[in-house]
Amino acid sequence: MKTIWRPFASYNLWSLFAPPVGQERWHCDMKRGFQKARKKEPSVAALLEQDNTPQRIGHLAQRVVYEFHQETYLLNQSDGVARVAEILELYQESDEVQERVISILKNYQTNPILVGKTIIHLNRGDEGFPTPITIQQGSYIFNFFAAIDCIFTEPDGTLHILDFKTGKSDFDRRQGFVYLLAANYLYPHSKAIASFYNLESGKWSEPISATAAQLNAIQIELARIAQLHDLEKKRYRQNPDDFAQIFPPNSGINCQYCPFNSICEFSVS
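All of the points below concern the structure found in this document. In this text, all values refer to a predicted model and were calculated from it rather than measured experimentally.

## Remarks on the side chain of Arg-174
- Summarising the element assignment, Arg-174 is placed in helix H7 (residues 173-186).
- Sequence-distant contacts of Arg-174, defined by excluding residues within four places in its chain, comprise Tyr-11, Trp-14, Ser-15, Ala-18, Pro-19 and Pro-20.

## As for the sheet that holds strand E2 (residues 118-122)
- As summarised here, the arrangement of the four strands in space is E2-E5-E6-E7, forming an open sheet in which the pairing is mixed. A strand with exactly one partner marks an edge of an open sheet, and here the two such strands are E2 and strand E7 (192-198). For this sheet the average axis-to-axis angle between neighbouring strands, irrespective of direction, equals 25 degrees.
- Taken together, the four bridges between E2 and strand E5 (residues 150-153) define a ladder with antiparallel strand orientation. For Ile-119, the partnering residue across the bridge sits in E5 and is Phe-152.

## Focus: unusual backbone geometry
- For Glu-89, which is not glycine, the phi torsion reads 50 degrees and is therefore positive.
- Residue position: Glu-89 is located in the loop between helix H5 (80-87) and helix H6 (95-110).

## Describing the sheet that holds strand E4 (residues 140-145)
- The strand order across the open sheet formed by three strands is E1-E4-E3, and the pairing between neighbours is mixed. Pairing within the sheet leaves two strands with one partner each, and these edge strands are strand E1 (8-10) and strand E3 (133-137). With strand direction ignored, the average angle separating the axes of adjacent strands in the sheet is 40 degrees.
- Of the pairings in the sheet, the one linking E3 to E4 comprises five bridges and is antiparallel in character.

## Points about the environment of Gln-245
- Along the chain, Gln-245 turns up in helix H9 (residues 243-246).
- Gln-245 sits in the exposed class, given a relative accessible area of 55%.
- For the pair Gln-245 and Ala-45, spaced 200 residues apart in sequence, the C-alpha to C-alpha distance is 22 Å.

## Focus: the packing of helix H4 (residues 53-70) against H5
- Look at H4 against H5: their axes get within 10 Å of each other, and the N-to-C directions meet at 115 degrees. Taken together, the axes of H4 and H5 are roughly perpendicular relative to one another. For the pair H4 and H5, the crossing hand works out as right-handed. On the side of H4, the interface is formed by Arg-63, Glu-67 and Phe-68, while H5 contributes Gly-80, Val-84 and Ile-87.
- Counted by class, the contact of H4 with H5 contains three nonpolar, one polar and two charged residues.

What counts, and at which threshold
- Residue indices follow the written sequence of each chain, beginning from 1 at its first position.
- Local features in a predicted model are, by the rule used here, given only for residues with pLDDT of at least 70; side-chain atom pairs are given and counted only at 80 or more, and totals for whole chains, interfaces and linings are based on all residues.
- To obtain the side-chain values, all non-hydrogen atoms of the structure were used and water was disregarded.
- Per the convention used, a helix needs a DSSP run of H or I reaching at least four residues, while a strand needs a run of E reaching at least two, with both numbered from the N terminus.
- Throughout, a residue-residue contact means that at least one pair of heavy atoms, one from each residue, lies within 4.5 Å.
- A pair of strands is treated as paired once DSSP finds two or more bridges between them.
- Interaxial angle, 0 to 180 degrees, is taken between N-to-C directions of lines fitted to C-alpha atoms, where a helix line uses only the stretch in contact.
- Working definition: with a 1.4 Å probe on protein chains only, accessible area under 20% of the residue-type maximum means buried, over 50% means exposed, and in between means partly exposed.
- Each angle gets one of four labels, with under 35 degrees taken as roughly parallel, over 145 as roughly antiparallel, 65 to 115 as roughly perpendicular, and the rest as oblique.
- Definitions for this section: a left-handed crossing has its near helix turned counterclockwise from the far helix by less than a right angle. A right-handed crossing has that turn clockwise.
- Classification used: nonpolar for Ala, Val, Leu, Ile, Met, Phe, Trp, Tyr, Cys and Pro, charged for Asp, Glu, Lys and Arg, polar for all others including Gly.

Right, here's the structure in full:
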């Protein structure tokens with residue numbers, strides 16, 4: 001069924017509007033402009049198709065968990081890590097990606113955190129956009145996207161939404177609340193919690209839960225973001241020369257890690 005176009009919101013869009021606490025100096029609204037308003041321009045589209053190293057490791061890390069749970073006997077075999085690495089065609093990746101993903105494979109084989117759990121959803125990591133959830137906030141209707149890595153059930157029936165992480169970034173509780181809002185729509189009669197697990201460090205966050213009032217506040221904020229983002233895209237389409245005013249740059253050291261530094265006139269080396 002074809003998805004009806006509507007203004008949209010997601011955790012990704014929220015994070016592009018307002019960075020997690022402690023990462024404010026890395027924030028650049030122009031990056032959101034490239035990603036969301038100019039994404040169909042050939043030079044921008046070509047850059048968006050390329051995963052940087054952290055993104056590539058993140059996608060492959062999700063595949064590690066998925067593939068181990070497709071063939072769970074590999075968790076107990078001495079060549080299990082090598083077999084999954086072969087499935088992932090890891091030999092085609094850069095040395096850094098190979099090294100870190102092999103470490104993730106070994107970590108997960110040593111501590112397979114989902115073994116024994118009743119898994120009801122496990123994302124492979126390359127499925128693309130999830131089916132949107134249509135939300136009506138007052139008279140405003142928008143599509144809500146929540147790409148959930150994994151859902152399993154606790155012994156008491158509580159749904160546990162688990163998000164896999166890599167690297168050194170801290171967990172952003174807003175993402176957990178976004179997942180809980182999604183669960184409230186997808187599984188309205190079930191209690192739910194959310195947490196994060198770093199596949200490289202083995203660090204597991206404290207579980208996050210939300211009251212009805214908190215979920216309502218998250219929904220209101222997402223509706224505000226969807227509306228603002230839609231208005232800014234329309235402003236850009238009507239006045240492309242105002243790109244830098246609509247999406248102001250934050251030039252600095254963060255430009256070194258921006259995927260658009262090769263085409264951004266405000267980028268500094």
